[in-house]
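Geometric and topological summary
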Amino acid sequence: MPTPSMEDYIEQIYNLIEDKGYARVSDIAEALAVHPSSVTKMVQKLDKDEYLIYEKYRGLILTAKGKKVGKRLVYRHELLEQFMRIIGVEEELIYNDVEGMEHHISWNAIDRIGDLVQFFEENEDRIQALREIQKQNEEE
């Protein structure tokens, strides 16, 4: 299993490749606000662990293993954002809250949150009922 730091890199690389068709060390460094030398070290480690193939000066590509992990990490992040919106977390807090949570929550909990998100999204009245409860609690 990748470490939380490795997960951040894999997720970012996956997103860059999905958005731009490629991921360069400079793009990853900018997206993660780290030095390119740090990216190079991590990319070499991810290459060694078979999450990607890296050739100096030529770029990198995710392996099947890297794509699978990347897709799952993006799903986790997006699901947690959906969940936070449903439960009424203020929009400006969601990204940092998700970043704080995503490496410390089990995949079992992610699956249960997925069930809950699906439950609420299947019927808009359920979200409205939750909003009413929240409004009542704020008034008390």
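Treat the numbers as computed from the prediction; the structure is a model and nothing was measured.

**Side note on helix 4 (residues 64-86)**
Taking 1.5 Å per residue as the helical rise, helix 4 with its 23 residues ought to reach 33 Å, and the 33 Å between its terminal C-alpha atoms agrees with that figure. Among the residues of helix 4, those classed as buried are G66, G70, L73, V74, R76, H77, L79, L80, E81, F83, M84 and I86. Buried residues along helix 4 sit in contact with helix 1 (4-20), strand 2 (59-62), helix 5 (91-101), helix 6 (107-121) and helix 7 (124-139). At the exit of helix 4 stands G88, carrying a positive phi of roughly 90°.

**Here we look at the side chain of E81**
Position of E81 relative to the elements: it lies in helix 4. A relative accessible area of 17% means that E81 is categorised as buried. Discounting residues that sit within four places of it in the chain, E81 has contacts with I94, Y95 and V98.

**A closer look at the packing of aromatic side chains**
The relative placement of two aromatic rings is captured by the distance of their centres and the angle of their planes. A full pass over the atoms with the stated rule returns 1 aromatic pair. Here F119 and F120 contribute two aromatic rings whose centre-to-centre distance is 5.5 Å and whose plane-to-plane angle is 80°, an arrangement assigned as edge-to-face. The class for F119 is partly exposed, based on a relative accessible area of 39%. Here the guanidinium or amino end of K65 rests over the ring plane of Y51, the centre of that ring lying 4.3 Å away. Positioned above the aromatic ring of W107, the side-chain terminus of R72 is 3.8 Å from the ring centre.

**Some remarks on the nonpolar core**
Membership of the largest hydrophobic core comes to 21 residues, with the highest contact counts inside it found for I13, I28, V39, V43, L46, L52 and L60. Elements with a contribution of two residues or more to this core: helix 1, helix 2 (25-32), helix 3 (36-48), strand 1 (52-55), strand 2 and helix 4. Among the elements that line this core, the one with the most residues is helix 1, at 6 residues. Excluding residues within four positions of it along the chain, I13 makes contact with A23, I28, L46, L52, L60 and L62.

**As for the packing of helix 4 against helix 5**
Axis separation between helix 4 and helix 5 bottoms out at 9 Å; the angle between their running directions is 135°. Here helix 4 is positioned oblique relative to helix 5, judged by the angle of their axes. As helix 4 packs across helix 5, the resulting crossing turns out to be right-handed. Here helix 4 contributes H77, L80, E81, M84 and R85 to the contact with helix 5, which in turn contributes E91, I94, Y95, D97, V98, E99 and M101.

**A word on the pairing of strand 1**
Of the two faces of strand 1, the one lined by L52 and Y54 is fully buried and the one lined by I53 and E55 carries no buried residue. Two strands pair when backbone bridges link them, and strand 1 and strand 2 are joined in this way by 4 bridges, in the antiparallel orientation. What sits directly across from Y54, in strand 2, is L60.

Conventions we followed
- As a convention, each chain's residues are numbered from 1 in the sequence order in which they are written.
- Residue-level local features of this predicted model are given only where pLDDT is at least 70; pairs of side-chain atoms are given and counted only at 80 or more, and the full residue set underlies all totals for whole chains, interfaces and linings.
- Derived side-chain values reflect all non-hydrogen atoms in the structure, with water molecules and hydrogen atoms excluded from consideration.
- Here a helix means four or more residues in a row that DSSP labels H or I, a strand means two or more in a row labelled E, and each is numbered from the N terminus.
- Between the first and last residue of a helix there are one fewer steps than residues, each counted as 1.5 Å, and that sum is the expected span.
- Think of it in three bands: residues with accessible area under 20% of the maximum for their type are buried, residues over 50% are exposed, and the middle band is partly exposed, with areas taken using a 1.4 Å probe on protein chains only.
- Only heavy atoms enter the contact rule, under which two residues are in contact if any of them lie within 4.5 Å.
- Any two rings among Phe, Tyr and Trp, with Trp reduced to its six-membered ring, count as a pair given centres within 6.5 Å; such a pair is stacked if its planes are under 30 degrees apart, edge-to-face if over 60, and tilted if neither.
- The criterion is that NZ of a Lys, or CZ of an Arg, lies within 6 Å of the ring centre and within 35 degrees of the ring normal, and then a charge sits over that ring.
- Buried Ala, Val, Leu, Ile, Met, Phe, Trp, Tyr and Cys residues form a nonpolar core when they are joined through side-chain atoms within 4.5 Å.
- Between the N-to-C directions of two axes lies an angle of 0 to 180 degrees, each axis being a line fitted to C-alpha atoms and, for a helix, fitted only over the stretch in contact.
- Reported orientations rely on four angle classes, namely roughly parallel under 35 degrees, roughly antiparallel over 145, roughly perpendicular from 65 to 115, and oblique for the rest.
- Less than a right angle of anticlockwise turn of the near helix away from the far helix marks a crossing as left-handed, whereas a clockwise turn marks it as right-handed.
- What makes two strands pair is DSSP finding at least two bridges between them.

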